[in-house]
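One-letter residues, chain by chain:
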Amino acid sequence: MLMKKILPILSLLFLAAYALAQEFPQATIKNKHLQATLYLPDAEQGYYRSTRFDWSGVIGSLEYQGHQYFGNWLAQHTPTNPESISGPVEAFAPIGFEEAGPGDPFLIIGIGMLRKPDETPYQFMAPYEIVDAGHWKTKEKEDEVTFTQKLRSNNGYAYEYRKTVRLVPGKPELVLEHHLKNTGRRVLETNVYNHNFFIIDEEPTGPNIVTKFPFPVQAEGRGFGEMIVAQDSTLVFERPLEAKENVYTPDLQGFGSSSEDYDIRIENTKTGAGVHITADRPLLKFVYWACATTACPEPYLQVTARPGEEFTWDIHYEFYTLPAASASE
């Protein structure tokens, strides 16, 4: 009964995503194995114009061998809603928020200078006023798109942030390449995480969606031990999540200090679609969140760039299919 309720919702989400793909500025990249649609930063007409997530590299859809990995996870898309977004999107922690007074600006890389309205602590779901979004430039090729944001503020923060979303020639692999150059006089010190809004083949979040790690995983939090359990190195759902349910842990444990532990596999065991995620920087911390329409491992990285320095990091997504026997079990 529950599945009958959730499946129509997911179908509507993908129909909505198709309509959105025709409405907002976008680019399509492809190689022999993959095809992906990316939404482009645009302060007036862009798919995402809010203040939680990086405006660059938003992936509306990605297809591999007939399998679809991303799409709208909310029933209704609103560009100014802080969480209304799609794909492996990233979010930077604010810089200079604590020292800013009411009405003063603070910085979030990938968005720009925002205004602090009052003394209320920072809230990622608050729609802050954008004071200066910097200047965005997009360069498109057949198999990659490069997004560049340049910003220079009056309070000493300045940077050039470049993200390239690239498909590896001849492979079912997507790479997010990041370059952050500090062109100002103040240190850029923050962290960044990837929310990874996976919706694999419209599968509702439940026992058919598993997340695997290279280490014995431990987790406590909302729904853990009841709706979702850790079995050695795998997170497994005990049952499908209902429409208003979600699971959450702010502090998934088990990883070490090496970048080798930034190694995640998410699989839809029903349809046989999987993705393997790796990076070249060590994990700072790990959050996991899921609701009925999307499952989201959220790995964090530390980012520090002193004046004149450049900080880089790459994240790789390798898409694959499971053996027929595994997918049918």
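Structural data are supplied above this passage.
Below is a summary of the structure that appears in this document.

**Overview of the packing of aromatic side chains**
On inspection of all chains with the given rule, the structure shows 24 aromatic pairs. When the centroid spacing of 5.7 Å and the interplanar angle of 50 degrees are considered together, the rings of F311 and W313 count as tilted. By relative accessible area, W313 is classed as buried at 1%. Through a chain of ring-to-ring contacts, the aromatic side chains of Y48, F53, W73, F197 and W289 assemble into a single cluster. Across the ring face of F311, the terminal group of R281 is positioned such that the distance to the ring centre comes to 4.0 Å. Over the ring of Y300 we find K285, and its NZ or CZ is 4.6 Å from the ring centre.

**Concerning the environment of D280**
With respect to the helices and strands, the residue D280 is situated in the loop between strand 19 (273-279) and strand 20 (285-291). Residue class for D280 comes out partly exposed when judged on its relative accessible area of 41%. Ignoring sequence-local partners within four residues, the contact set of D280 consists of S259, W313 and D314. Only 2.9 Å separates the side chain of D280 from the backbone nitrogen of D314, close enough to count as a polar contact.

**Focus: the pairing of strand 16 (residues 234-237)**
The side-chain alternation of strand 16 yields two buried faces, one formed by T234 and V236 and the other by L235 and F237. Summarising the sheet, strand 14 (residues 209-212) and strand 16 pair through three bridges and their orientation is antiparallel. Bridge pairing in strand 16 links T211 to L235. Where strand 15 (residues 228-231) lies against strand 16, four bridges are found, and the strand directions are antiparallel. Bridged to V229 within strand 16 is V236. Between the end of strand 15 and the start of strand 16, which pair antiparallel, lie two residues, with D232 showing a positive phi angle near 60 degrees.

The rules behind the values
- Residues numbered from 1 in each chain as written.
- Predicted model: local features only at pLDDT ≥ 70, side-chain atom pairs only at ≥ 80, totals over all residues.
- Heavy atoms only, no water.
- Phe/Tyr/Trp six-rings, centres within 6.5 Å; stacked < 30°, edge-to-face > 60°.
- Buried < 20%, exposed > 50% of the residue type's maximum accessible area, 1.4 Å probe, protein only.
- Lys NZ or Arg CZ within 6 Å of the ring centre and 35° of its normal.
- Helix = DSSP H or I, 4+ residues; strand = E, 2+ residues; numbered from the N terminus.
- Contact = heavy atoms within 4.5 Å.
- Polar contact = N/O pair within 3.5 Å; in protein donor to acceptor, adjacent residues only side chain to side chain.
- Pairing = 2+ DSSP bridges.

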